[in-house]
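# Chains, contacts and geometry: an overview
Single-letter residue listing:
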Amino acid sequence: MTTETEIGRIDSLLGKLLDIGEADGDRLTVTATLDLTPDGTGQPPVLKALRQAGRQAAEGLEKHQAEAVEDEMRELEEAAADASSRGVLGLVWVAHPVYSGDAQDADPNPGPFVVLELAAPIRNSVHAGSGPRVFEVARAAYLDRPVALVTTDMHTMDVTRVRYGAAAGSDEVDWPQHYTSKLGQRTNRAAQGGPVGGMQGTGHAYANVERWVEAQRNLFANEAAEHVAKFVHGDDILVVEGVDEARSQLLGRLPESVSARAVQLNAPPHGEDDRDRFDRLRRLAIDVQLDNGRQRAEGWFGGAEPNAINGLEAIATACEQGRVATVIVHEDATDHLGTAEDTRVHESSVDGAAVERLLQAALRQGAVAVFTDDERLLGEGGIVAIGRY
């Protein structure tokens, strides 16, 4: 068994876990996702909950398996503390616990086979059973949609793509401030020592200066808009920050298909560092994605989906037939431990294991997973689907 460390690639991890579950789904597996955001003491609150979480996850297992899970929790606790000390905010840990009598007892390199360190938190959960769990990883992949952040004023434009709590590409346009400001400009007559300050003969000169500055602003805005249009991807949430005039100047030159998507915000807080900025954008992306999930759920319940599928058995059959296009899942359809602000056990009111099986089956046949907090989903078993036909 080997240990692999990846930084920030939730989407690729999701595919890997699905492959592992399909090839090796009968083996005892511990899947843990941890929010390592520190509290006032500087330590992640989840560290205090891991031992108990492991015992609860092992309920129903054979004694030797439960003991192996408990050993895994001790190893995970040490790894999480180390990751937290290095500034890691989220951790995904997937392992086959080694227990007496297991053929893997002879493995020369026991330990987790997947460790994913994240620059952003992921919801706390610990599960033990056959094969890896993908629920929290799929939820994080859905919620943490990329954000293209544009920060602009009258002469500069910076755009950064933020995903998984870190920058994933950037571009900028920077014009000399003197070119785009009407303050401090000298007219030709002033430069030659002629009359200034509103004296006779200066009107045309000042009008020329204003026209020149406006032309420079237009040139800057055109170039900035061209860079933004090339930078923004189809799935990005576009956020444009800056004073009203600067935002208007930029958005008015973008293609309507791009500008119509923009979330407009005032200039960012003074002194905001990258970590705070990325966290703010991550929370904005979560709000946008949950709202999208509510709209999809509303469409499903409102009869707008002609190929709506409900009932766990019906969804399972549709997955077997490869005709599920989308699954809409309630984000509390499985047990979890909340976030750093609240690490209590959140027990699901539906069969979380059944939802997990359907989620994996749907994803393996190419479906898209949408997560929502619409309570009506819980009355449907926590998951509904939309068919391709």
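Above: the structure in question.
The following refers to the structure shown. Just so it is clear, the structure is predicted and the values come from calculations on it, not from any experiment.

Looking now at the overall build of the protein. Within the protein one finds eleven helices and 14 strands. Of the contacts made within the protein by residues no fewer than 6 positions apart, 75% connect residues no fewer than 24 positions apart. As presented, the protein carries roughly 18500 Å² of accessible surface, and 47% of it is formed by carbon and sulfur atoms.

Moving on, we come to the packing of aromatic side chains. Evaluated as defined, the whole model comprises three aromatic pairs. Note on F135 and F371: the rings are 5.3 Å apart at their centroids and 85 degrees apart in plane angle, and the pair reads as edge-to-face. Taken as a pair, F135 in helix α4 (residues 135-143) and F371 in strand β13 (residues 368-372) lie far apart in primary sequence, 236 residues in all. For F135, a relative accessible area of 2% corresponds to the buried category. Residue F371 is classed as buried on the basis of its relative accessible area, which comes to 0%. In this structure, R161 is placed above the aromatic ring of F231, and the distance from its NZ or CZ to the ring centre is 4.3 Å.

This brings us to the environment of D373. Assignment of secondary structure puts D373 in the loop between β13 and β14 (383-387). Counting along the chain gives 41 residues from D373 to D332, while the straight-line C-alpha distance between them is 7.6 Å. Residues in contact with D373, not counting those within four places in the same chain, are L290, R294, H330 and E331. Separated by 3.0 Å, the side chains of D373 and R294 make a polar contact.

The method is simple in principle: a probe with the dimensions of a water molecule rolls over the atoms, and the space it marks as empty is what remains. This structure, assessed with the given rule, holds two cavities of 30 Å³ or more. Taken as a whole, the largest cavity encloses approximately 50 Å³ of empty space. For the largest cavity, the full set of lining residues is T31, T33, S125, H127, R133, V134, F135, E136, V137 and T334. No other element matches the three residues that α4 contributes to the lining of the largest cavity. Across the lining of the largest cavity, the residue classes break down as three nonpolar, five polar and two charged. If you add up the space inside the second largest cavity, you get close to 30 Å³. Taken together, D144, R145, V147, V162, R163, Y164, G165, F278, L281 and R282 make up the lining of the second largest cavity.

Between helix α2 (residues 50-57) and helix α3 (residues 63-85), the least distance of the axes is 9 Å, while the angle of their chain directions is 150 degrees. By the criterion of interaxial angle, the relationship of α2 to α3 is roughly antiparallel. Note that α2 runs across α3; the crossing there is right-handed. Of α3, the residues touching α2 (which contributes L50, R51, G54 and R55) are V69, E70, M73, R74, L76 and E77. Grouping the amino acids of the contact of α2 with α3 by side-chain chemistry returns four nonpolar, one polar and five charged.

This part covers the layout of surface pockets. Its volume calculated, the largest pocket comes out at about 870 Å³. Taken together, 36 residues make up the lining of the largest pocket; nearest its centre are D35, P121, D279, R282 and R283. When residues of the lining of the largest pocket are traced back to their parent elements, those giving at least two are β4 (114-118), α4 and α9 (274-301). If one sorts the elements of the lining of the largest pocket by residue count, α9 sits on top with nine residues. What the second largest pocket holds in volume is close to 700 Å³. At the level of elements, α2, β5 (125-130) and α11 (352-364) are the ones that each hand at least two residues to the lining of the second largest pocket.

Cut-off values and rules
- Residues numbered from 1 in each chain as written.
- Predicted model: local features only at pLDDT ≥ 70, side-chain atom pairs only at ≥ 80, totals over all residues.
- Heavy atoms only, no water.
- Helix = DSSP H or I, 4+ residues; strand = E, 2+ residues; numbered from the N terminus.
- Contact = heavy atoms within 4.5 Å.
- Areas by Shrake-Rupley, 256 points an atom, 1.4 Å probe, with all protein chains shown as cover.
- Phe/Tyr/Trp six-rings, centres within 6.5 Å; stacked < 30°, edge-to-face > 60°.
- Buried < 20%, exposed > 50% of the residue type's maximum accessible area, 1.4 Å probe, protein only.
- Lys NZ or Arg CZ within 6 Å of the ring centre and 35° of its normal.
- Polar contact = N/O pair within 3.5 Å; in protein donor to acceptor, adjacent residues only side chain to side chain.
- 1 Å grid on protein atoms, 1.4 Å probe; cavity = no way out; pocket = protein on both sides within 12 Å on 5 of 7 lines; lining within 4 Å.
- Points joined across faces, edges and corners; volume = space filled by probe spheres on them.
- Nonpolar A, V, L, I, M, F, W, Y, C, P; charged D, E, K, R; others polar.
- Axes fitted to C-alpha atoms, helices over the stretch in contact; angles between N-to-C directions.
- Parallel < 35°, antiparallel > 145°, perpendicular 65-115°, else oblique.
- Left-handed = near helix turned anticlockwise from the far one by under 90°.

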